[in-house]
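Notes for the structure review
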Amino acid sequence: MICSKDIIYMDYAATTPVDDRVARLMCECMTREGVFANPASRSHQLGRDAQGRVEMARHEIASLLGASQTEIIWTSGATESDNLALKGVAHSLQDQGRHLITSKTEHKAVLDTARQLEREGFDVSFLIPADQGRVTAEQVAAELRDDTILVSIMHANNETGVVSDIASIGKLCRERGILFHVDAAQSAGKLPIDVEEMCVDLLSVSGHKIYGPKGIGALYVRSCPATRLEPLIHGGGHERGMRSGTLPTHQIVGMGEAFRLARHQMEPETHKLTGLRDRFWAGISKLGGVLLNGHRDARIPGILNVSIEGVEGESLLFALRELAVSSGSACTSASREASYVLRALGRSDQLAQSSIRFSIGRYTTEDEIDRAVAIVAEQVHRLRGLAPKTPVTSDREAG
Amino acid sequence: MDSLDYSQQVRDRFERPANAGRLLGPVISGAAGEEGLGTRVEFDFRLRSGTVEESAFRVYGCPHAIAAASWVAENARDRRLDDTSWMDPLRLAALLEVPEHKLGVLLVVQDALEAAAAKFDQSEDR
């Protein structure tokens, strides 16, 4: 349970609190008694100690992804990883082709990067998911061209939690000799990932989505056959020349521990979250007019995105302020525009505006779920009671 | 003020909107807006000799729309329905601290009040 200003935290898809075990290890790498030295300072023992911690963490990331340790590049987060993957491939392979494929429901980190590449003269195909939010291999196959150099499809959608069939898309790309990038910021540590089996060439992950610190991420870059990337950041040649800059040991160690814990806890945590999510859905669906957004079965357990009929979106969000939830993704909710992801799934502007993403995690309890159901029920009844379509049952309806 | 940071008066009226509901029987009603466009406001007024004796409102809209409709329903009492000049959207925006980009919401509320006034103008009770 997270106790902060009596608010029930249901925004784990936006970020997670740092696990206490992670925080303890991070603290060991910050102060003068700890492993604070620059991991690039191999001329002395303190630097080599830091390098050892960094490599242990790199091993943890690789283990969760079925990758080799040498294939993990540290970045500042999944946004930078996505930028490095798309721009790095595009700039490196532009002599071979200038066409990329992605989907309209990707995170802005991919969409905005793809649009930047369009401004640079690349051609990008944006797929509209066909199967209740899922991008299929058949859709990708229909868009492949002789000059396609990269396909980028996310594993689990950050707004709906819907999971695409990455392995089928990967197999298709491998057969056609086209690089395949996956944004796995929402799925790492929640779904099994094996970059070999899934035929993935590049994969973005983040620390803060699975109880690690913010400001750290990684990009898996296949080494065999070698994937060529033009770096975004130059200066020092760190990370095999693909991402220069002094490595933040404490954040890397934190992300490594978070990934280690996720690997060991994935199965029981999935079981627990599925039970809590189903309990929550059973509670709020009784209200009527509550529509599940996205595929019913192909989804990660922690995210439930619903549209609620008969209530206006801004009033709904304000009425639910005892719950920390998102309207659309946290990255776009400040704009109060209807979610582009839900619009791409065919929801009307009005229903997209009245959508809420509830996301639960490691510290969510049954008691919190039951309280959240009660709050949603009370506020939705109240707002629907104010609305013009309320049926007449007495001389004066209570507001 | 960010989009979910409301004035105390808006918060109070959102939580406890005075006069929310529907009046049955002989009333003059007015409506404006569309739910599909984000705001729909409806008023009912019960009159005695052209003066508002009782009022009620219904709203589909943001907290500012709810607060504004509640304020109008409350302040219409004891006024003649053929004079709506007291409902000045700019003054109401200042009173409720409604941000500039939400002024359109207050215009919908004003339109609903004026729609009721127009019906009153055409009614035999005038």
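Provided above is the structure to which this section pertains.
Cut-off values and rules
Residues numbered from 1 in each chain as written. Chains lettered and ligands numbered in written order. Predicted model: local features only at pLDDT ≥ 70, side-chain atom pairs only at ≥ 80, totals over all residues. Heavy atoms only, no water. Contact = heavy atoms within 4.5 Å. Buried area = accessible area lost by both parts, 1.4 Å probe. Salt bridge = Lys/Arg side-chain N within 4 Å of Asp/Glu carboxyl O. Polar contact = N/O pair within 3.5 Å; in protein donor to acceptor, adjacent residues only side chain to side chain. Helix = DSSP H or I, 4+ residues; strand = E, 2+ residues; numbered from the N terminus. Pairing = 2+ DSSP bridges. Axes fitted to C-alpha atoms, helices over the stretch in contact; angles between N-to-C directions. Phe/Tyr/Trp six-rings, centres within 6.5 Å; stacked < 30°, edge-to-face > 60°. Buried < 20%, exposed > 50% of the residue type's maximum accessible area, 1.4 Å probe, protein only. Lys NZ or Arg CZ within 6 Å of the ring centre and 35° of its normal.

1. Here's the deal with the interface of chain A and chain B
With 26 residues of chain A in contact, the opposing surface of chain B contributes 30 residues. Summing both partners gives a buried area of about 2,400 Å² for chain A against chain B, and 53% of it is carried by carbon and sulfur. Across the pair B:Glu15 and A:Arg321 runs a salt bridge whose closest N-O atoms are separated by 2.8 Å. On the surface where chain A and chain B come into contact, there are ten residue pairs in polar contact (both at pLDDT 80 or more). Counting residues per element, the ones that place at least two in the side of chain A that touches chain B are helix 8 (313–319) and helix 12 (366–386) of chain A. With five residues, the single largest contributor to the side of chain A that touches chain B is helix 8 of chain A.

2. A word on the sheet that holds strand 6 (residues 179–183) of chain A
Residues and elements named next belong to chain A. If you walk across this open sheet you meet the seven strands as 2-8-7-6-5-3-4, and the pairing is mixed. Since the sheet does not close on itself, it has two edges, and those belong to strand 2 (72–75) and strand 4 (123–127), each with one partner. Pairs of neighbouring strands in the sheet enclose a mean axial angle of 20°, with direction left out of account. In this structure, strand 7 (residues 202–206) lies alongside strand 8 (residues 217–221), joined through five bridges in antiparallel fashion. Bridging from a neighbouring strand, Ser204 pairs with Leu219 of strand 8. Helix 2 (residues 45–65) contacts strand 2, strand 7 and strand 8 of the sheet and is inclined by roughly 115° relative to strand 2. Across the sheet, helix 3 (residues 78–93) is in contact with strand 2, strand 5 (148–152), strand 6, strand 7 and strand 8; its angle to strand 7 comes to roughly 160°.

3. Section: unusual backbone geometry
Between A:Cys224 and the following residue, A:Pro225, the backbone shows a cis peptide bond with an omega angle of 0°. Among the secondary structure elements, A:Pro225 is positioned in the loop between strand 8 and helix 7 (249–285). Unlike most non-glycine residues, B:Glu97 shows phi in positive territory, near 60°. Within the secondary structure, B:Glu97 sits in the loop between helix 3 (89–96) and helix 4 (103–122).

4. What to know about the packing of aromatic side chains
Going through the model one piece at a time under the given rule, you end up with eight aromatic pairs over all chains. Ring centres 5.7 Å apart and planes at 90° place the aromatic pair A:Tyr211 and A:Tyr363 in the edge-to-face group. Pair noted here: A:Tyr211 is in the loop between strand 7 and strand 8 and A:Tyr363 is in the loop between strand 12 (355–359) and helix 12, with a separation of 152 residues, a long-range link. Ring centres 5.2 Å apart and planes at 55° place the aromatic pair A:Phe318 and B:Phe14 in the tilted group. Of this pair, A:Phe318 sits in helix 8 while B:Phe14 sits in helix 1 (residues 8–15), which puts the two residues in different chains. By relative accessible area, B:Phe14 is classed as buried at 0%. Through pairs of rings, three or more aromatic residues link up here, namely A:Tyr9, A:Tyr12, A:Tyr211 and A:Tyr363. One residue, A:Arg115, lies across the ring of A:Phe126, its end atom 5.6 Å from the ring centre.

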